[in-house]
Amino acid sequence: MLSLNKIFNKLVRGKSGQDPQQGREPLIIPRSEHTISRKQISQHALKVLYTLKEAGYEAYLVGGCVRDLLLGYEPKDFDVATNASPEQVHKLFKRSQLIGRRFKLVHVRFGREVIEVATFRAPLKLNSMLIPKVASCRTMFTAL
């Protein structure tokens, strides 16, 4: 199993002065190397991930929920990043709503629970945060 420090070191590995994320694919941590289980992830978040994947898109669990799960906390919400456009995501889910003008997001509603879906943006750079925001880094974790 990887510790948070080892995962973070994997993220920032590269030649000094050079952006380690530029032109690279997302870093996907295999299930055998992290402690996150599908049982810890909201069934609704899993439904969003599976629906996007079945429609032919990439989809990853991202953001604070991943940080919380790695630290052993229960996440308050779940975020997903995908290569589908907001309009494409909106068409896949009946109870969804486009949010924002400049940078559109999609809120997929399941009763009181809302799953926020964002689109990848490029080129993305690593910022100074330990766990980057969805729009700030193409490094994502998945338990699938």
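Here's what I pulled together on the structure shown here. All values reported here derive from a predicted model rather than from experimental measurement. Each chain has its residues counted from 1, following the order in which its sequence is written. Side-chain atom pairs in this predicted model are given and counted only at pLDDT of 80 or more, local residue features only at pLDDT of at least 70, and totals for whole chains, interfaces and linings cover all residues. By convention in this description, side-chain values take in all heavy atoms of the structure and omit both hydrogens and water.

A regular strand places its side chains on the two faces of the sheet in alternate fashion. The rule is simple: take the accessible area with a 1.4 Å probe, protein chains only, and divide by the maximum for that residue type; under 20% is buried, over 50% is exposed, in between is partly exposed. For helices the rule is a DSSP run of H or I covering at least 4 residues; for strands it is a run of E covering at least 2, with both sets numbered from the N terminus onward. Of all five residues in strand β2 (residues 78–82), five are buried, a share of seventy percent or more. Alternating residues of β2 divide into Phe78, Val80 and Thr82 and Asp79 and Ala81, and every residue in both groups is buried. In terms of strand pairing, strand β1 (residues 59–62) meets β2 through four bridges, oriented antiparallel. Opposite Leu61, over in β2, you have Val80 as the bridge partner. At least two bridges found by DSSP between two strands is the condition for calling them paired. Here β2 pairs with strand β5 (residues 113–119) via five bridges, running parallel. The residue of β5 that forms the bridge with Thr82 is Thr119.

Okay, the pattern of salt bridges next. By salt bridge we mean one thing: a side-chain nitrogen of Lys or Arg within 4 Å of a carboxyl oxygen of Asp or Glu. Under the criterion given, the structure shown has two salt bridges. Where Arg67 meets Asp68, a salt bridge forms, and the shortest distance between an N and an O atom there is 3.1 Å. With a relative accessible area of 35%, Arg67 lands in the partly exposed category. Ionic pairing is found between Glu87 and Lys104, a salt bridge with its closest N-O pair at 3.2 Å. Here Lys104 lies in the loop between β3 (96–99) and β4 (105–110) and Glu87 lies in helix α4 (residues 86–92), a separation of 17 residues in the sequence.

All right, on to helix α3 (residues 64–71) then. Among the residues of α3, those classed as buried are Cys65, Val66, Asp68, Leu69 and Leu70. Looking one or two residues past α3, Gly72 carries a phi angle of roughly 90°, positive in sign.

Any two rings among Phe, Tyr and Trp, with Trp reduced to its six-membered ring, count as a pair given centres within 6.5 Å; such a pair is stacked if its planes are under 30 degrees apart, edge-to-face if over 60, and tilted if neither. Considering all chains together, one arrives at one aromatic pair under this definition. Taken together, a centroid distance of 6.1 Å and an interplanar angle of 35° make the contact between Tyr60 and Phe120 tilted. Highlighted residues: Tyr60 in strand β1 and Phe120 in the segment after β5, separated in sequence by 60 residues. The residues Tyr60 and Phe120 share a single accessibility class, namely buried.

These values are about where atoms sit, not about what they do.
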